[in-house]
Structure formats: C-alpha cells, structure tokens
Amino acid sequence: MRQAKLAAAAILAAGLIVSASAQAQQYPTRPVSVVVPFAAGGPTDTVARNIADAMGKALPGANFIVENLGGAGGTIGVGKVARATPDGYTLLIHHIGMSTAPALYRKLQFDPLKDFEYIGLINEVPMTFLAKEGFPVGTMKELVPYLKANAAKVSLANAGIGSASHLCGLLFMSAIQTELTTVPYKGTAPAITDLLGGQVDLLCDQTTNTMQHIKAGKVKALGITTPKRLDMLKELPTLAESGLTGFNVSVWHAMYAPKGTPKPVVDRLVAGLQQSLKNPDLIKRFADLGTEPVSADKATPEALQKFLTAEINKWSPVIKKAGIYAD
Ligand code: ASP
C-alpha cells in the first residue's frame, strides 16, 4: 500500500515537472510586462523598447510590453518586480541604479543580490554633462569657476536618488567641491524636457537620451563621463581631460526576473536576449544612440550576477564616503 502511494506521488511529481517544462517551452503564451523603473521616453525606456521589440522577433509569438513605473530613483519599479509572481510574465530592465541603491537607501524594498533571477547584461552607455542652451558658459573649464561663484543660482536635474544622473551629479559636486540645488524627476525624459525649456540648468544623462539634442545644437555638451572620447562626439572632451577626477561612469542596462522564475523560462529569456542583441536593426538603432550591445558572453545570468556584485562593491564605498542616503 505504502509503495503504491510512493509510486503515485512519483508519477504525480514527474507529471508536474513535465507539465512545467512543457509550459516553459510554450512560454510566453500571453503578453509579458517589462517594467522600466523610469518615465517613458528616457534612456532606460529607449533601451527597453528596442529590446522588447527585438525579443518579440526572437521568440515568435511573444509580445513584450514596456510598463513605466518611475519614482524614488527607480526603486519603486524594482520593488514591484521583486514582489511579482515569478512566472516569467513580469520582467525588469534597469540600469546601474541596481548597484547604487543598496548604499543610497537605508530602507530598500528589495535586495539586488537575493530577489532576482538574472537574465543578462544588455549594453553600456556613456553619459554626457549638459547645460541648457542659454547657459552663460559653454565649456567645462569655464563652468567650474562659474559654479563656484554662482552655486546658489544653478540647478542640476536628476532622476531621483539612486539614478545614474544622481550618481553623476554626486561625483561632479564632489570633484568641484561645490553643492548645487538638485531637482529630482521620475526619469530623465521629463528632466531633459525641462532642460530644453530652460527650467533647469544642468543635467548629466546617457547619450541614448542626449545625442539627438546635442547633434541638433539644442543643448550645450560640456563633457563625457568615460575615460575615452566617443567616436560620434569626437570634439567633446572627457571630464578627466577637463581636470575632473573620479569619473569613469558608464551606465549599464540589464534584464531581470523575480526570484523563483522557473529555470526553463529563464533559459528561454536568455536565448531570446542573446538573439536580440545580434539583431542588425537593434545594433543600428543602438549605434545611432552612442551605444552597442554587449558580447554574447556577457548576456548571461552568470556574467550579470558577477558584474552586479562587482558594481555594488565599486560604488558602495564611493557613496558612503559622499555621506548621501535616502529613507
Ligand atoms: N537616465 C536616467 C537616470 O538618470 C533614468 C532614465 O530615465 O532612464 O538614471
């Protein structure tokens, strides 16, 4: 009798495994929500929409729909994904903020190293430091003395504590030893709208958002945050060339699923991401925005986990030293 029960349980378990893996093979059978923790139209959103489009082609029949959940430097949207049902129908595309939030927030609603399944890295993108068109100075060399004399008058936009623009602003203010008034937005799409409208003075943001406005001469580009100049903006000096130290910031984007998402689903998403990053249309669109997809060896769960851990270890001491935190 006992043996019969055990055999029945084994058959049931085997059946469940088979049906879970069969479900995973058919995945997705309904639209997948891809949460972007910033406003629509910004750089993270732009990367996510390109990836969602390419993933839909890579996994036939799949429909990836971007959902913008901005606020609190991206932490609201990330927290929602951390608590979502781990069935593959809620995913996250986020940036470097996944590694800066743990040091910046005293009460974080998620743990980047425990609450997620990793899908893979997507791209790395430089940031440009911009001033509004009518700003009184037009180079970084002139900007620093100007800010020291006029700090109280100048505003610096960002996408909230924990965002890339916030991190860039922190590094900038620390490099020039001057505090500016910071203005938080739900993402840098609304921030750049206000920079273009002249309501804020300065913004540091990814080229994925700024390139078109730099090329159109609608903003003043003062520097780039990477150690080397960018081919597409050869004339723009690095911040290090202008004498600002501590800058080596590239904003990286990556894809995650909630912890517990079945492995066959994760495997399918990894395959879809890898194929998407080879899509010629995506490569071209990324190139126009001053970025490129990572190589296939980085678009893996293992590479993302390793890279995220290294970034947390890199940024936490920098942020702690700056003495900045949020509740
Ligand atoms: N670029 C933004 C940041 O500063 C976020 C965004 O809107 O994508 O983090």
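Since the structure is predicted, the reported quantities are computational estimates derived from the model, not experimental observations. Along each chain, the written sequence defines residue order, and numbers are assigned to residues from 1. Where local features are concerned, this predicted model is filtered to residues with pLDDT of at least 70; where side-chain atom pairs are given and counted, the filter is 80 or more; whole-chain, interface and lining totals use all residues. Values shown for side chains rest on all heavy atoms present in the structure; no hydrogens or waters enter the calculation.

Asker: Account for the site of the ligand, with residues named and values stated.
Answerer: Definition of nearness: a residue and a molecule or strand are near each other if at least one heavy atom of the residue lies within 4 Å of the molecule or strand. Taken together, the residues surrounding the ligand are F38, P43, T44, H95, A159, S163, A164, S165, G187, T188, D205 and Q206. N or O atoms closer than or at 3.5 Å make up a polar contact, with two conditions inside protein: a donor-capable atom paired with an acceptor-capable one, and, for residues adjacent in sequence, both atoms drawn from side chains. Here H95 contributes a side-chain N or O atom positioned 2.6 Å from an oxygen atom of the ligand. In the environment of the ligand, a nitrogen atom lies 2.8 Å from a nitrogen or oxygen atom belonging to the side chain of T188. Here the ligand occupies the largest cavity. Every helix listed is a DSSP run of H or I at least four residues long, and every strand listed is a run of E at least two residues long, numbered separately from the N terminus. Secondary structure elements with two or more residues in the shell around the ligand: α2 (43-58), α6 (164-176) and β7 (202-206). Of the residues assigned to the shell around the ligand, the class counts are 4 nonpolar, 7 polar and 1 charged. Within this scheme a cavity is a closed region of a 1 Å grid, computed over the protein atoms alone, that accommodates a 1.4 Å probe without allowing it to escape, whereas a pocket is open but has protein on both sides within 12 Å along at least five of seven lines; lining residues each have an atom within 4 Å of a point. Throughout, a molecule is located in a cavity or pocket provided that more than half of its atoms lie within 2 Å of its grid points. Residues are grouped as follows: Ala, Val, Leu, Ile, Met, Phe, Trp, Tyr, Cys and Pro are nonpolar; Asp, Glu, Lys and Arg are charged; every other residue, Gly included, is polar.

Asker: Describe in detail empty space enclosed by the protein, supporting the description with residues and values.
Answerer: Grid points are joined across faces, edges and corners, and a volume is the space filled by probe spheres set on the points. Scanning all chains against the criterion turns up 1 cavity of 30 Å³ or more. Within this model, the largest cavity holds a volume of roughly 90 Å³. What lines the largest cavity is a set of 16 residues, among which F38, P43, T44, T188 and Q206 lie closest to the centre. Of the residues forming the lining of the largest cavity, the biggest block, 3 residues, is contributed by α2. Classifying every residue of the lining of the largest cavity gives 6 nonpolar, 8 polar and 2 charged.

Asker: How would you sum up the state of the cysteines? Please name residues and give values.
Answerer: Put simply, a disulfide is two cysteine sulfurs that come within 2.5 Å. A full pass over the atoms with the stated rule returns 1 disulfide. Two residues, C168 and C204, share a disulfide whose sulfurs are 2.0 Å apart. Because the torsion about its S-S bond is 80 degrees, the bridge between C168 and C204 counts as right-handed. Here C168, found in helix α6, pairs with C204, found in strand β7; they are 36 residues apart in sequence, far enough to count as distant.

Asker: If you had to explain the nonpolar core to someone new, which residues and values would you point to?
Answerer: Nonpolar side chains in soluble globular proteins tend to be buried together. If you look at the biggest cluster of nonpolar residues, it comprises 87 residues, and the most contacted ones within it are I51, F64 and F129. Considering every element that reaches this core, the biggest residue donor is strand β4 (residues 116-132), with 9 residues. Definition of nonpolar core: a set of buried residues of the types Ala, Val, Leu, Ile, Met, Phe, Trp, Tyr and Cys, connected through side-chain atoms within 4.5 Å. Per-residue accessibility, obtained with a 1.4 Å probe over protein chains only, is compared with the maximum for each type, and a residue is labelled buried under 20%, exposed over 50%, and partly exposed between these values. In this structure, Y185, V219, I224 and L236 belong to the second largest nonpolar core, which totals 15 residues.

Asker: Describe the layout of surface pockets, and please don't skip the residues or the numbers.
Answerer: The space that makes up the largest pocket amounts to roughly 420 Å³. Together, 18 residues line the largest pocket, and E124, P126, L230, G290 and E292 are the ones closest to its centre. When contributions to the lining of the largest pocket are tallied by element, the ones reaching two or more residues are β4 and β10 (292-293). Broken down by element, the residue count for the lining of the largest pocket peaks at 4 residues, all from β4. When the residues that make up the lining of the largest pocket are grouped by side-chain class, the tally is 8 nonpolar, 5 polar and 5 charged.

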